[in-house]
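Residues per chain are reported as follows:
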Amino acid sequence: MNKFQELINQDKPVLVDFFAEWCGPCKMQAPILQDLKKNIGDTASIVKIDVDKNQAVAAQFGIRSVPTLMIFKNGEVKWKQSGVFQADELEKLIRQNI
């Protein structure tokens with residue numbers, strides 16, 4: 001939990017992907033996030049959180065379905081949405097929060 005707090009307290013955007021191994025849409029989101037990382041480089045961090053292994057963090061942020069993506073900056077939630085998103089949509093959201 002402390003490590004997660006450190007991650008989201010960065011002064012650059014942090015995209016968090018709350019996922020589960022058994023989740024089909026989560027498997028679709030993974031390669032999209034890899035493409036996104038190539039496009040944004042060090043502009044933002046991308047973190048994957050397995051909700052089954054990190055239930056306390058998932059509960060703290062009210063994660064009820066996977067995949068759920070959140071953007072944090074300086075520990076603040078800037079955006080939260082469930083579902084699969086394309087890289088260009090996510091890049092635009094990240095750039096709005098730089």
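The following paragraphs examine the structure supplied in this document. Note that the structure is a prediction, hence the values are computed from the model and not measured.

What counts, and where the lines are drawn
- Residues numbered from 1 in each chain as written.
- Predicted model: local features only at pLDDT ≥ 70, side-chain atom pairs only at ≥ 80, totals over all residues.
- Heavy atoms only, no water.
- Helix = DSSP H or I, 4+ residues; strand = E, 2+ residues; numbered from the N terminus.
- Contact = heavy atoms within 4.5 Å.
- Disulfide = S-S within 2.5 Å.
- Salt bridge = Lys/Arg side-chain N within 4 Å of Asp/Glu carboxyl O.
- Buried < 20%, exposed > 50% of the residue type's maximum accessible area, 1.4 Å probe, protein only.
- Pairing = 2+ DSSP bridges.
- Right-handed = clockwise from strand over helix to strand, strands pointing away.

## Digging into the environment of Ile-63
In this structure, Ile-63 sits in the loop between helix 3 (55–60) and strand 3 (68–73). When the C-alpha atoms of Ile-63 and Phe-19 are compared, they prove to be 9.7 Å apart, with 44 residues separating the residues in sequence. What Ile-63 contacts, discounting residues up to four positions off in sequence, is Phe-18, Val-51, Ala-58, Thr-68, Met-70 and Lys-80.

## Let's talk about the state of the cysteines
The final tally for this structure, using the stated rule, is one disulfide. Between the sulfur atoms of Cys-23 and its disulfide partner Cys-26 the distance amounts to 2.4 Å. Because the sign of the S-S torsion sets the handedness, a value of about 80 degrees for the bond joining Cys-23 and Cys-26 places this disulfide among the right-handed ones.

## What about the pattern of salt bridges?
Summed over all chains, the structure comprises four salt bridges. Residue Asp-17 pairs with Lys-48 through a salt bridge whose shortest N-O separation is 2.8 Å. Of the two residues, Asp-17 sits in strand 1 (residues 14–19) while Lys-48 sits in strand 2 (residues 45–50), which places them 31 residues apart along the sequence. Two residues, Lys-38 and Asp-35, come together in a salt bridge whose shortest N-O distance is 3.9 Å. With Lys-38 and Asp-35 both in helix 2 (residues 24–40), this residue pair falls three residues apart, about one helical turn. Judged by its relative accessible area of 67%, Lys-38 is exposed. Under the relative-accessibility criterion, Asp-35 is labelled partly exposed at 40%.

## Quick notes on the pairing of strand 1
For strand 1, the tally of buried residues reaches six of six residues, placing the bulk of the element in the interior. Residues Val-14, Val-16 and Phe-18 of strand 1 are buried on one face, and the alternating residues Leu-15, Asp-17 and Phe-19, pointing to the opposite face, are buried as well. Examined bridge by bridge, strand 1 and strand 2 share six bridges and lie parallel to one another. For Val-14, the partnering residue across the bridge sits in strand 2 and is Ser-45. A crossover connection joins strand 1 to the parallel strand 2 through helix 2; in handedness this β-α-β unit is right-handed.

Any link to function would need more than the numbers given here.
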